[in-house]
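Structural characterization, general
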Amino acid sequence: MKRWVCILALCSPAAASGLDAARRLPPTFEANRGQAKRQYKFVASRPEYALLLESSGAVVRHARGAIHIAFVGARRGVDVEGVEPLSGKANYIIGNRPARWLRSIPIFSKVRYRGVYPGVDVLFHGSGGGLEFDFILAPGAH
């Protein structure tokens, strides 16, 4: 199986040592349970950027704008799934209306797009404080 690696690291000057420590942690991916627009399947937030994953690609929002990552010519309706669940959960306890709170949202260390192209998957994951996405090719894929 061939593996192609792309690295995306958006950095800005460190403001504090706590922020430096946060930057060194790999991003984690939350299943979207209402904390983002419905089209997004997973979200990841970092001090430098927010990553929004949808079935047709991804959007990286940062202080200077946004980067759109599209899988040109990809199969429609690609399955997007969390990989390697983490033990923690995300919670959004905002406001004083418990019915609107979001609790126990699953968190993953990776997100996999299955069958983007014939024999090709795409895997988003962290590497240190940066974000990577790999193209994973099945035998015979090109």
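Whatever comes next refers back to the structure up there.
This text gives an overview of the structure that appears in the document. Everything numeric here is computed off the predicted structure, so don't read it as measured data.

Quick notes on the nonpolar core
Across soluble globular proteins, nonpolar side chains show a tendency to be buried alongside one another. Counting 21 residues, the largest nonpolar core has Phe29, Phe42, Leu51, Leu53, Tyr113 and Phe124 as its most contacted members. Those elements that place two or more of their residues in this core are β2 (29–31), β3 (40–45), β4 (49–54), β5 (57–62), β8 (102–117), β9 (120–127) and β10 (130–137). Looking at this core element by element, the count peaks at 4 residues for β8. When sequence neighbours within four positions are dropped, the list of residues in contact with Phe124 reads Phe29, Leu51, Leu53, Ala58, Phe71, Ser109, Lys110, Val111, Tyr113, Leu131, Glu132 and Phe133.

Comments concerning the packing of aromatic side chains
Geometry of an aromatic ring pair is reported as the spacing of the ring centres plus the angle between the planes. Tallying each qualifying case throughout the model produces 5 aromatic pairs. Ring plane angle 75° and centroid distance 5.2 Å describe the contact between Phe71 and Tyr113, whose orientation is recorded as edge-to-face. In this pair, Phe71 sits in the loop between β6 (65–70) and β7 (79–92) while Tyr113 sits in strand β8, placing the two residues 42 residues apart along the sequence. Residue classification places Phe71 among the buried residues on the basis of a relative accessible area of 7%. According to the relative accessible area criterion, Tyr113 is buried, its value standing at 0%.

Structural notes on unusual backbone geometry
Its identity is not glycine, yet Glu84 carries a phi of approximately 60°, on the positive side. Here Glu84 lies in strand β7. On the basis of relative accessibility, which here comes to 41%, the residue Glu84 falls in the partly exposed class. Residue Ser104 is not a glycine yet carries a positive backbone phi of 55°. Examined against the element boundaries, Ser104 turns out to sit in strand β8. The class of Ser104 is partly exposed, set by a relative accessible area of 49%.

Here is what the cut-offs are and how they apply
Residues numbered from 1 in each chain as written. Predicted model: local features only at pLDDT ≥ 70, side-chain atom pairs only at ≥ 80, totals over all residues. Heavy atoms only, no water. Core = buried A, V, L, I, M, F, W, Y, C linked by side-chain atoms within 4.5 Å. Buried < 20%, exposed > 50% of the residue type's maximum accessible area, 1.4 Å probe, protein only. Helix = DSSP H or I, 4+ residues; strand = E, 2+ residues; numbered from the N terminus. Contact = heavy atoms within 4.5 Å. Phe/Tyr/Trp six-rings, centres within 6.5 Å; stacked < 30°, edge-to-face > 60°.

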